[in-house]
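Here is what each chain is made of, one letter per residue.
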Amino acid sequence: VQLQASGGGLVEAGGSLRLSCAASGLTFSSHVMGWFRQAPGKEREFVGGITSAGNTYLGDSVKGRFTISRDNAKNTVYLQMNSLKPEDTAVYYCAASPKWAIRGYEYPYWGQGTLVTVLQ
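We now turn to the structure provided with this report. (Residues numbered from 1 in each chain as written. Predicted model: local features only at pLDDT ≥ 70, side-chain atom pairs only at ≥ 80, totals over all residues. Heavy atoms only, no water.)

## Some details on the pattern of salt bridges
- Inspection of the entire model under this criterion finds five salt bridges.
- Salt-bridge contacts for Lys63 lead to Asp60; the nearest nitrogen and oxygen are separated by 3.2 Å.
- In this structure Asp60 comes out as exposed when scored by relative accessible area, which is 67%.
- Among the charged side chains, a salt-bridge network with shared partners connects Arg37, Glu45, Arg65 and Asp88. (Salt bridge = Lys/Arg side-chain N within 4 Å of Asp/Glu carboxyl O. Buried < 20%, exposed > 50% of the residue type's maximum accessible area, 1.4 Å probe, protein only.)

Encoded structure:
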């Protein structure tokens, strides 16, 4: 199984970025896809997830600003991030699980992470 996250970069506060995560080696359409992030010196945080049916959940810190979507035909999940804040600066990881989960240890498959830096 491979998860390849991309789309990170440098953006000014208030800007937007879209992260992508391309999956291979698993039945993508039947997996829950999650996004996590880890800021320097902080614990990993669950950003949100999307079920195989397309139902989404977003954490309180990003609700209203971030959205998650998936394209099963492309085996890809997206994290659209709007109204970015400096506190959103982190390495963002995508992960896959055969069942709904919000804890990192429940996700057996992980991507390599992509860095998002939001400038003041």
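## Let's talk about the sheet that holds strand β8 (residues 76-81)
- Here four strands make up an open sheet; going across it, the order is β1-β3-β8-β7 and the pairing antiparallel. Sheet topology places β1 (2-6) and β7 (66-71) at the edges, where each strand pairs with a single neighbour. Averaged over all pairs of adjacent strands, the angle between strand axes in this sheet comes to 15°, irrespective of strand direction.
- Relative to strand β3 (residues 17-24), β1 is paired through five bridges, and the arrangement is antiparallel. Bridge assignment links Gln4 to a residue of β3, and that residue is Ala22. (Pairing = 2+ DSSP bridges. Helix = DSSP H or I, 4+ residues; strand = E, 2+ residues; numbered from the N terminus. Axes fitted to C-alpha atoms, helices over the stretch in contact; angles between N-to-C directions.)

## Considerations on the side chain of Ser20
- Take Ser20: it is sitting in strand β3.
- Residues contacting Ser20, with those up to four places away along its chain left out, are Gln4, Ala5, Ser6, Trp35, Thr76, Val77 and Tyr78. (Contact = heavy atoms within 4.5 Å.)

## What to know about the packing of aromatic side chains
- Evaluation of the coordinates by the stated rule reveals eight aromatic pairs.
- A centroid spacing of 5.9 Å and a plane angle of 10° characterise the contact between Phe46 and Tyr57, whose relative ring orientation is stacked. On the criterion of sequence distance, the pair formed by Phe46 in strand β5 (residues 45-50) and Tyr57 in strand β6 (residues 56-58) is long-range, its members being eleven residues apart.
- According to the relative accessible area criterion, Phe46 is buried, its value standing at 14%.
- Of the residues examined, Tyr57 reaches a relative accessible area of 36% and is grouped as partly exposed.
- Each residue in the set Phe36, Phe46, Tyr57, Tyr93, Trp100, Tyr107 and Trp110 is aromatic and connected to the rest through ring pairs, giving one cluster.
- Of note, Arg44 hangs over the ring of Phe36, and the distance from its end group to the ring centre comes to 5.7 Å. (Phe/Tyr/Trp six-rings, centres within 6.5 Å; stacked < 30°, edge-to-face > 60°. Lys NZ or Arg CZ within 6 Å of the ring centre and 35° of its normal.)

## Some details on the pairing of strand β4 (residues 32-38)
- With six of seven residues buried, β4 lies mostly within the body of the structure.
- Inspection of the sheet shows β4 paired to strand β9 (residues 90-97) by seven bridges, in the antiparallel sense. Looking at β9, one finds that Gln38 is bridged to Val91.
- In the sheet, β4 pairs with β5 via five bridges, with the strands oriented antiparallel. Bridged to Met33 within β5 is Ile50.
- Between β4 and β5, which follow one another and run antiparallel, lie six residues, and Gly41 among them has a positive phi close to 75°.

Everything listed here is a matter of geometry and, on its own, says nothing about what the molecule does.
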